[in-house]
Amino acid sequence: MAIASQSPQAVETDLQALARRHLWLHFSRMGGYGPEHEIPLITRAEGCYVYDEHGKRYLDGLSALFCVNAGHGRTELGDAAARQVAELDFYTLWSYAHPGAIELATRLASLAPGELNRVFFTSGGSEAVESALKLARNFHRLHGKGQKHKVIAREIAYHGTTLGALSATGITELRSQFEPLTPGACHVPNTNIYRWPADRDPLWAATAIEERIEFEGSDTVAAVILEPVQNAGGCFVPPDGYFQRVREICDRHDVLMISDEVICAWGRLGHMFGCERFGYQPDIVTVAKALTSAYAPMGALIASDRVAEPFMQGKESFAHGFTFAGHPLSSAVAMANLDVFEREDLCGHVLAKEGELRQMLESLHDLPIVGDVRGAGFFQAIELVKDKETKESFDDEEAEELLRGYLSGELYRRGLICRADDRGDPVIQLAPPLIADTEQFEEIHDVLRGVLTDAWERVRR
Ligand code: PLP
């Protein structure tokens, strides 16, 4: 109340100070914030734009971390939550059901391809991945193959932060501080085609999965986990036939194929599920983020009938759960969100407009710092290089200076929220809300052109 009675300037100042004193930002160097370096404080949002405490507008070129796919400010999603509170505020899925979770599970099963018919809700993406890894182990155990416990994941891939999901995450800097992690995770090459020799077999990375399964012993491997388009490293798109080959390998070795679609589902690639874009059929899909367009927290794994079947018999159960999973409010918001998707054909919009977005990014190729442009749908990355011809990248110190020392801050200062990332080689990632159109693409282009031009000047100095 004291804050409300103060002047707007005082409120801003207080919030900055209070945030610095009490709030712990995720994956953030808290020591870097101070009176000279404000915490970005977002207070309002509408459509493709968000506003900070000073009223400055930003284009949300990352959909609030790949979340707000339907765009900001859709009060009808909140209305759905309010109606749900009036009916049933909360009940848990631990041995009970409620209509919202049943209706949403039914809808997800009808949207998901093939026999993906059984929905296990979670509160977010790491929990969905954690659940999928446990489910894979448990599935094999119920088939008398309890030795099958390992998971094969790809280098630099991000699958979440809980210890099991983190073991699948292939980013050394995120793992090393928390070791020992859950045992049994193995990593194989990703599909960073830009850095492959030109004559490499396009299915080389799929073959590497089989070789690793054989090296580990297929009687010890439970699952392979991969994203349709790998986020970390900068939107690695698979070569043609990659996922089909991985599917064959999984079948040959009785290994479950987990498609981690925490980012790639819900229209990001122009389809409800990322696997539809590339025409493969996983055994388990993990989703979160834009299932509700993040208006309420929710995740899920969707398992095929074959995977779920042993758990549906006699005295068996999946001894696993989360109190908030399938929360009635989140279920209601997810239903309203999917209504928006269908009514406005957001997937169709992405498919119709992705070429335009891509063309706009490709037009930056004349800048010496732009090495590669890649991605699919409204999920695109620009790889930054020191030398276009040789594809030479920046060393760690240069990347630190370029990304953290300049690009991240400068893009934000010029009104564009996107990701400047160096979990692999340095990239800028763009994933605007699925309602974005020519006006936003042009805005992205203009900011990127200016900032990347200046960045190159700094590099040359
Ligand atoms: N899996 C993938 C592919 C992700 O991109 C993420 C988060 O970005 C996760 C899992 C973890 O999701 P959450 O942050 O909701 O726990």
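Residue positions are given per chain, counted from 1 along the sequence in the order it is written. Local features in this predicted model are restricted to residues of pLDDT 70 or higher, and side-chain atom pairs are both shown and tallied only at a pLDDT of 80 or more, whereas totals for entire chains, interfaces and linings draw on every residue.

(A) Looking closely at the overall build of the protein. Counting secondary structure elements, the protein contains 15 helices and 15 strands. Each residue is classed by its C-beta neighbour count within 10 Å, where at least 20 other C-beta atoms makes it buried, 12 or fewer makes it exposed, and intermediate counts make it partly exposed; the C-beta atoms are placed from backbone geometry. In the protein, buried positions account for 48% of the 461 residues. For the purpose of contact definition, each residue receives a C-beta atom placed from its backbone, and two residues are in contact when these atoms lie within 7 Å. Counted over contacts in the protein with a minimum sequence separation of 6, partners at least 24 positions apart contribute 72%. Only runs of H or I of at least four residues qualify as helices and only runs of E of at least two qualify as strands under DSSP, and these elements are numbered from the N terminus.

(B) Just the domain arrangement of the protein, in detail. Where a domain begins and ends is set by an automatic assignment or by a domain database. Annotation of the protein at the domain level lists domain 1 (40-61 + 346-460) and domain 2 (75-344). On a C-alpha basis, the centroid separation for the pair domain 1 and domain 2 is 27 Å. Between domain 1 and domain 2, the contact holds 22 residues from the first and 19 residues from the second. Broken down by secondary-structure element, the contributors of at least two residues to the side of domain 1 that touches domain 2 are helix 13 (346-362), strand 11 (370-376), strand 12 (379-384) and strand 15 (427-430). Side-chain classes follow a simple rule in which Ala, Val, Leu, Ile, Met, Phe, Trp, Tyr, Cys and Pro form the nonpolar group, Asp, Glu, Lys and Arg form the charged group, and the remainder, Gly included, forms the polar group. Taken together, the residues of the side of domain 1 that touches domain 2 sort by class into eleven nonpolar, five polar and six charged.

(C) Quick peek at the site of the ligand. Near, as applied to residues and a molecule or strand, means the residue's backbone-placed C-beta atom lies within 6 Å of it. If you check the shell around the ligand, you find 13 residues, and the closest are Gly124, Gly125, Ser126, Gly160 and Val262. Among the elements that make up the shell around the ligand, the one with the highest residue count is helix 5 (residues 125-142) (three residues).

(D) Representation of the nonpolar core within the structure. When buried Ala, Val, Leu, Ile, Met, Phe, Trp, Tyr and Cys residues are joined through C-beta atoms within 7 Å, the set is termed a nonpolar core. Ranked by size, the top nonpolar core spans 134 residues in total, and within it Ala223, Val224, Val246, Leu256, Ala300, Leu301 and Val333 carry the most contacts. A domain-level breakdown of this core finds at least three residues from each of domain 1 (40-61 + 346-460) and domain 2 (75-344).

(E) Molecular detail of the environment of Glu130. Mapped onto the elements of the fold, Glu130 is located in helix 5. For the pair formed by Glu130 and Leu301, sequence separation is 171 residues and the distance between their alpha carbons is 9.7 Å. Apart from residues lying up to four places away in sequence, Glu130 is in contact with Gly160, Thr162, Gly164 and Ala165.

(F) Structural detail: the sheet that holds strand 1 (residues 42-46). What makes two strands pair is DSSP finding at least two bridges between them. Pairing in this open sheet of four strands is mixed, and the strands run 1-2-3-13 from one edge to the other. Across the chains shown, the open sheet's two edge strands, defined by having one partner strand only, are strand 1 and strand 13 (416-417).

(G) View of helix 4 (residues 99-111). Take the residue count of a helix, subtract one, and multiply by 1.5 Å to get its expected span. With 13 residues, helix 4 should reach 18 Å at 1.5 Å per residue; the first-to-last C-alpha distance of 18 Å fits that figure. Lining the buried residues of helix 4 we find helix 3 (75-87), strand 4 (116-122), strand 10 (299-304) and helix 12 (328-344).

(H) Fine view of the pairing of strand 1. Pairing analysis gives four bridges linking strand 1 to strand 2 (residues 49-52), with the strands arranged antiparallel. Residue pairing across strands places Ala45 opposite Val50, the latter belonging to strand 2. Adjacent in sequence and paired antiparallel, strand 1 and strand 2 are bridged by two residues, among which Gly47 carries a positive phi angle near 60 degrees.

(I) Geometry of the packing of helix 14 (residues 396-413) against helix 15 (residues 438-460). Between N-to-C directions, angles span 0 to 180 degrees; the directions come from axes that are lines fitted to C-alpha atoms, helices contributing only their stretch in contact. At a closest axis distance of 10 Å, the pairing of helix 14 and helix 15 adopts a crossing angle of 155 degrees. In terms of orientation, helix 14 lies roughly antiparallel with respect to helix 15. The way helix 14 lies across helix 15 gives a crossing that is right-handed. Seen from helix 14, the contacting residues are Leu402, Tyr406, Leu407, Glu410 and Leu411; seen from helix 15, they are Val447, Val451, Ala455, Arg458 and Val459. The residue inventory of the contact of helix 14 with helix 15, partitioned by class, reads eight nonpolar, no polar and two charged. Angular relationships are summarised with four words: roughly parallel below 35 degrees, roughly antiparallel beyond 145, roughly perpendicular across 65 to 115, and oblique for the angles in between. Crossings are classed by handedness, with left-handed meaning an anticlockwise turn of the near helix from the far one by less than a right angle and right-handed meaning a clockwise turn.

(J) Region of interest: the pairing of strand 15. Burial along strand 15 is two-sided: Val427 and Gln429 facing one way and Ile428 and Leu430 facing the other are all buried. In the sheet, strand 12 pairs with strand 15 via four bridges, with the strands oriented antiparallel. What sits directly across from Glu383, in strand 15, is Val427. Pairing of strand 14 (residues 419-421) with strand 15 involves three bridges; the strand directions are antiparallel. In the sheet register, Ala420 faces strand 15, and the bridge partner there is Ile428. In this antiparallel pair of consecutive strands, strand 14 and strand 15, the connection spans five residues.

(K) Representation of the packing of helix 8 (residues 204-216) against helix 9 (residues 242-252) in the model. Look at helix 8 against helix 9: their axes get within 8 Å of each other, and the N-to-C directions meet at 15 degrees. Taken together, helix 8 and helix 9 sit at an angle that is classed as roughly parallel. Here the hand of the crossing between helix 8 and helix 9 comes out right-handed. Taken together, the residues of helix 9 that come into contact with helix 8 (itself represented by Ala205, Ala206, Ile209, Glu210 and Ile213) are Tyr242, Arg245, Val246 and Ile249. In terms of residue class, the contact of helix 8 with helix 9 is made up of seven nonpolar, no polar and two charged.

(L) Broad picture of the sheet that holds strand 4. Strand order across the open sheet formed by seven strands is 4-10-9-8-7-5-6, with mixed pairing between neighbours. Since the sheet does not close on itself, it has two edges, and those belong to strand 4 and strand 6 (185-188), each with one partner. Across the sheet, the axes of successive neighbouring strands diverge by a mean angle of 25 degrees, strand direction being ignored. Running over the sheet, helix 4 touches strand 4 and strand 10 and is turned about 135 degrees from strand 4.

(M) Representation of unusual backbone geometry in the model. Omega for the peptide link from Glu179 to Pro180 comes to 5 degrees, which places this bond in the cis form. For Pro180, the position within the fold is in the loop between helix 7 (172-175) and strand 6. One non-glycine residue, Asp254, lies in the positive phi region at around 50 degrees. Looking at the element boundaries, Asp254 is found in the loop between helix 9 and strand 8 (256-260). Residues other than glycine seldom take positive phi values, yet Lys391 does so here, at roughly 65 degrees. Residue placement: Lys391 occurs in the loop between strand 12 and helix 14. Classification of Lys391 by C-beta neighbours within 10 Å gives partly exposed; the count is 14.

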